[in-house]
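Letter by letter, the chains look like this.
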Amino acid sequence: MLEISVADYEAMRAHGEETYPHECCGILLGRTDVAAGNNEVTRIVRAGNTRTDSAHNRYHIAPEELIAAQREGREAGLDIVGFYHSHPDHPAQWSATDFAEAHWYGCSYVITAVEGGRAAATNSFRLTGADEETKGFKGEEIAIDVLGADGEVTGVLEMEGKTR
Amino acid sequence: MKIHIPTPLRQFTHGQEAVEVSASSVQGALDALTLSAPELRRHLFTEDGKLRSFVNVYLNEDDVRYLPAKELTVTTDVDELTIIPSIAGGSSCCR
Ligand SMILES: [Zn+2]
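Residues numbered from 1 in each chain as written. Chains lettered and ligands numbered in written order. Predicted model: local features only at pLDDT ≥ 70, side-chain atom pairs only at ≥ 80, totals over all residues. Heavy atoms only, no water.

Digging into the overall build of chain B
Along chain B, the regular secondary structure elements total two helices and six strands. Shown N-terminal to C-terminal, the secondary structure of chain B runs as helices and strands in the order β-β-α-α-β-β-β-β. Overall size of chain B, expressed as C-alpha extent along the three principal axes, is 50 × 35 × 25 Å. Counting every position in chain B, which comprises 95 residues, the buried fraction comes to 51%. Within chain B, contacts between residues at least 6 apart in sequence are counted, and of these 51% link residues at least 24 apart. By element, 53% of the accessible surface of chain B is carried by carbon and sulfur atoms, the whole surface being about 4700 Å². Taking the 9 positively charged and 13 negatively charged side chains of chain B as two groups, their mean positions are separated by 9 Å. (Helix = DSSP H or I, 4+ residues; strand = E, 2+ residues; numbered from the N terminus. Buried < 20%, exposed > 50% of the residue type's maximum accessible area, 1.4 Å probe, protein only. Contact = heavy atoms within 4.5 Å. Areas by Shrake-Rupley, 256 points an atom, 1.4 Å probe, with all protein chains shown as cover. Lys, Arg positive; Asp, Glu negative; His and termini not counted. Charge placed at Lys NZ, Arg CZ, Asp CG, Glu CD.)

A closer look at the coordination of the zinc ion
Residue and element names in this part refer to chain A. Coordination of the zinc ion by the protein involves His85 (NE2), His87 (NE2), Asp98 (OD) and Asp98 (OD), with metal-donor separations of 1.9 to 2.5 Å. Here the zinc ion is ringed by four donor atoms whose angles at the metal span 57 to 160°, and the overall shape comes out irregular. Mapped onto the sequence, the donors of the zinc ion take the spacing H-x1-H-x10-D. Placement of the pair is His85 in strand β5 (residues 79-88) and Asp98 in helix α3 (residues 96-100), with a sequence separation of 13 residues. The exposure class assigned to His85 is buried, which follows from its relative accessible area of 2%. (Donors = N, O, S within 2.8 Å, 3.2 Å for Na, K, Ca; no water. Tetrahedral: all angles 85-135°; square planar, octahedral: opposite > 155°, others 65-115°.)

Let's talk about helix α1 (residues 26-36) of chain B
All names here are of chain B. When α1 is considered as a whole, its buried residues turn out to be Val26, Ala29, Leu30, Leu33 and Thr34. For α1, the buried positions fall inside an angular range of 125° around the axis, keeping them on one side. The outward face of α1, more than 90 degrees from its buried face, is lined by the exposed residues Leu35 and Ser36. Those residues of α1 that are buried lie in contact with β1 (2-4), β2 (18-20), α2 (41-44), β3 (55-59) and β5 (80-85). (Arc of directions from axis to C-beta.)

Digging into the pattern of salt bridges
When the charged atoms of two side chains lie near each other, side chains of opposite charge can form a pair. Residue and element names in this part refer to chain A. Applying the stated criterion across every chain, the model contains 15 salt bridges over all chains. The residue Glu18 makes a salt bridge to Arg46 at a minimum N-O spacing of 2.9 Å. Here Arg46 lies in strand β3 (residues 38-47) and Glu18 lies in helix α1 (residues 6-19), a separation of 28 residues in the sequence. Since its relative accessible area comes to 54%, Glu18 is described here as exposed. (Salt bridge = Lys/Arg side-chain N within 4 Å of Asp/Glu carboxyl O.)

Quick notes on the pairing of strand β6 (residues 108-115) of chain A
All names here are of chain A. Within β6, seven of the eight residues are buried, which leaves it mostly tucked inside the rest of the structure. Bridge analysis of β6 against strand β7 (residues 118-128) gives seven bridges, and the strand direction is antiparallel. When the sheet's bridge partners are listed, Val110 is paired in β7 with Ser124. Following β6, the chain reverses through two residues before pairing antiparallel with β7; Gly116 in that reversal takes a positive phi of roughly 60°. (Pairing = 2+ DSSP bridges.)

Here it is, written out as structure tokens:
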């Protein structure tokens, strides 16, 4: 399961609307609860899409941005637990390109479909396996934490493959 | 010197985010790392010993691929290496 605050969830989707008709991309920082099998996102970092040659259907995050995000995370006691990108006018499902270029085993890959400039479905896929031979993408539930005024979690809205 | 390990490869370093090695070059550091964590070798290198195309190694702020001496670049104890697999994809192939 991927756990994320409603603010980060909405910010991720808004990013895809802003960059439409190009793909957006970003990095998810947080913690992995190995026992529960959850990736808990506590911060999202926007990244620039370096694929300016084909930004409508490709994305690539510069390693320098990854390193900076990893360092930012380290200083806050957080790890990179996933990534997000958008699919302009294309379903929120991973593509063969997404799969071939996924190498962060254990991380969550979140995809938001952006239809005509509006964010539609958002889905998360966990990269399972431990190497290139055994890796696979597995759909996972997204639990959106609804934060109360005092920052306490007052309820959890569970989303799986639903269009909002 | 310190080598930072990305989350997907920490399963081979007992969960450690950074590994301390003693080496005088980038190659020496990677060799020392894979000697202490042998499982890492096939994740970082192809069978003929080349760094995998999706694995980026940075010496401080620089991509080792673009350094004049590449893996043979001399290092000191205060240098830091960062191993960072690439992040890319896209919807291109499914249209
Ligand atoms: Zn994609």
